[in-house]
Amino acid sequence: MNLLVQPKLIIHGGAGSSLKDKGGVETVRRSLYQVVEQVYSLLMSGASANEAVVKGCQMLEDNPCFNAGTGSVLQSDGQIRMSAALMDGTAQSFSGVINITRVKNPIDLALSLQDSPDRVLSDYGAAELARELRVPSYNPLTDTRLEEWLQERQDNFKKTMAGVVAQKELVSNNNARRGTIGVVALDSQGNLCAGTSTGGKGFERIGRVSDSAMPAGNYATKYAAVSCTGIGEDIIDECLAPRIVVRVGDGMNLQDAMQRSFIESQENKRDLGAIALDAKGNIAWGKTSQILLAAYHNGENIGDTLEVSQEMQVGKV
Ligand code: GLY
């Protein structure tokens, strides 16, 4: 395989409150590293950034620990509605589905819309697409998420959102936590792609739209690609992903673009995180939340951000 550039990869499984202890950290680390190892070897064998991102998102959606696909949180009415988006940086083409139900991998539908004249479909339209593509009906509900919702119903929905990871024993308290999954890849031909998928905040109103299937939460050009996590409304208000990507396109280096965007987010008291790659192969991440569940492959090593607990932190790999 002719490697024009060294492939790079960064993924996330959400942002939020700190994980409970070393055991919680190790469980999440194992899940993330498994995805990084498999997807990075795909990139090394010549897979495109789009293929790698879709594979990574599928694996994270299939892990019941994370809030996307299987293990998605329930909304206020007890239903699961999922959203996902894919953005091909070379084509600068965004596609996605909003509030889809009863499918295993929402990212597959986002991928199928890349070549469609109508590239973002919501509820009924997304369901019709799934039928048209003969996607088998699938129930993404897990016992843990159902119990979480039943408990919240008993408490009259005092919590404003559900947990970032689905296992109670992995998180340190029951305060607000935010789950989403995301993958950003640079392939051997220099193409960038970003993908993001979520079950939403949990306990939200019917019809609420997540940032994950908007450019605000998932954006890529030929210069840079970003996937966000955190409170959707905060990400939308900052228009975070395009804010970072456009800065890089205008000539700012990736680290400075992240630093500036996260200082602004912090000043505006936002609760969010993001992972990013640029076309030169630089990898970066940032957060204003307590933790960001991110892991990466820089061409030599695998690393992660799981034990970076200081708030408002921007890092480069
Ligand atoms: N960032 C995921 C959501 O707020 O829905």
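Model, not experiment: these values are computed from the prediction.

Cut-offs and rules
Per chain, residue numbering runs from 1 following the sequence as it is written. Note on the predicted model: pLDDT of at least 70 is required for a residue's local features to be given, and 80 or more for side-chain atom pairs to be given and counted; whole-chain, interface and lining totals, by contrast, use all residues. By convention in this description, side-chain values take in all heavy atoms of the structure and omit both hydrogens and water. Working definition: helices are DSSP H or I runs of at least four residues, strands are E runs of at least two. Numbering for both runs from the N terminus. Here a helix's expected span is defined as the number of its residues, less one, multiplied by 1.5 Å. By the criterion applied in these results, polar contacts are pairs of N or O atoms within 3.5 Å in which, for protein atoms, one can donate a hydrogen and the other can accept it, and in which residues neighboring in sequence qualify only through two side-chain atoms. UniProt positions are given in the numbering used here, feature names are shortened, and annotations may be inferred rather than shown by experiment. Using a 1.4 Å probe on the protein chains alone, a residue whose accessible area is under 20% of its type maximum counts as buried, one over 50% counts as exposed, and one in between counts as partly exposed. Throughout, a contact is declared for two residues whenever any of their heavy atoms are within 4.5 Å. The rule for pairing is simple: two strands pair if DSSP sees at least two bridges between them. Note on geometry: axes are lines fitted to C-alpha atoms, helical ones only across the stretch in contact, with angles between N-to-C directions running from 0 to 180 degrees.

A.B. asks: Could you clarify how one ought to interpret helix H8 (residues 254-267) in this entry?
C.D. replies: Counting along an α-helix, one turn takes 3.6 residues, and residues three or four places apart therefore face a common direction. With 14 residues, H8 ought to run about 20 Å at 1.5 Å a step, and its terminal C-alpha atoms sit 20 Å apart, in line with that. Capping the start of H8 is the job of one residue whose side-chain oxygen sits 3.1 Å from the backbone nitrogen of Gln255: Asn253. Once H8 finishes, Lys269 follows within two positions and takes phi at roughly 55°, a positive value.

A.B. asks: Quick question: what am I supposed to make of the UniProt feature "binding site: substrate" (unreviewed entry) in the chain here?
C.D. replies: UniProt's entry tags Arg208, Val209, Ser210, Asp211, Thr229, Gly230, Ile231 and Gly232 with the feature "binding site: substrate" (unreviewed entry), counted in the numbering of this structure. Within the secondary structure, Asp211 is located in the loop between strand S6 (192-198) and strand S7 (218-220). On the basis of relative accessibility, which here comes to 3%, the residue Asp211 falls in the buried class. Excluding its chain neighbours within four sequence positions, the residues that come into contact with Asp211 are Gly217, Cys228, Gly232, Ile235 and Ile236. Along the chain, the position of Thr229 falls in strand S8 (residues 224-230). Residue Thr229 is classed as buried on the basis of its relative accessible area of 0%. A polar contact is formed between the side chain of Thr229 and the backbone nitrogen of Ala15, at a distance of 3.4 Å.

A.B. asks: What is the right way to look at the environment of Met59 in this model?
C.D. replies: As for its position among the elements, Met59 is in helix H2 (residues 49-62). A relative accessible area of 17% places Met59 in the buried class. Linking Met59 and Ile181, residues 122 residues apart in sequence, is a C-alpha distance of 9.9 Å. Not counting residues up to four positions away in its chain, the partners in contact with Met59 are Gln34, Val35, Gln38 and Val39.

A.B. asks: For this particular structure, what's the right way to read the UniProt feature "active site" (unreviewed entry) in the chain?
C.D. replies: Per the UniProt record, the feature "active site" (unreviewed entry) sits at Thr180. Examined against the element boundaries, Thr180 turns out to sit in the loop between helix H5 (143-154) and strand S5 (181-186). Each residue touching Thr180, except ones within four places of it in the same chain, is listed here: His12, Gly13, Gly14, Asn67, Thr196, Ser197, Thr198, Ser212, Cys228 and Thr229.

A.B. asks: Just to check I follow, could you spell out the sheet that holds strand S10 (residues 283-287) for this structure?
C.D. replies: One key point about sheets: their strands pair by backbone hydrogen bonds, in either a parallel or an antiparallel sense. Read from one edge to the other, the open sheet built from 5 strands follows the order S7-S8-S9-S10-S13, with strand pairing classed as antiparallel. The sheet is open, and its two edges are formed by S7 and strand S13 (313-316), each paired on a single side. For this sheet, the mean angle separating the axes of adjacent strands, direction not counted, is 10°. The pairing of S7 with S8 spans 3 bridges and is classified as antiparallel. Within the sheet, the bridge partner assigned to Ala220 lies in S8 and is Ala225. Strands in contact with helix H7 (residues 240-249) are S7, S8 and strand S9 (272-278); relative to S8, the strand with the most contacts, it is inclined by about 155°. Lying on the sheet, H8 is in contact with S9, S10 and S13; it crosses S9 at an angle near 165°.

A.B. asks: Please explain unusual backbone geometry as it appears in this structure.
C.D. replies: If a residue is not glycine, its phi is most likely negative; likewise, a peptide bond is most likely trans. With a phi angle near 65°, Phe203 is a residue other than glycine that sits in the positive phi range. By secondary structure assignment, the location of Phe203 is in the loop between S6 and S7. For Cys239, which is not glycine, the phi dihedral falls at a positive 45°. Along the chain, Cys239 turns up in the loop between helix H6 (232-238) and H7.

A.B. asks: Would you mind going over the pairing of strand S1 (residues 8-16) with me for this structure?
C.D. replies: Two faces belong to every sheet, and in a regular strand the side chains alternate between them. With 9 of its 9 residues buried, S1 lies for the most part within the structure. In this sheet, S5 lies alongside S1 in antiparallel orientation, the contact comprising 5 bridges. The partner of Lys8 across the bridge, within S5, is Leu186. Bridge analysis of S1 against strand S11 (residues 291-297) gives 6 bridges, and the strand direction is antiparallel. Bridging across to S11, Gly16 finds its partner in Ile291.

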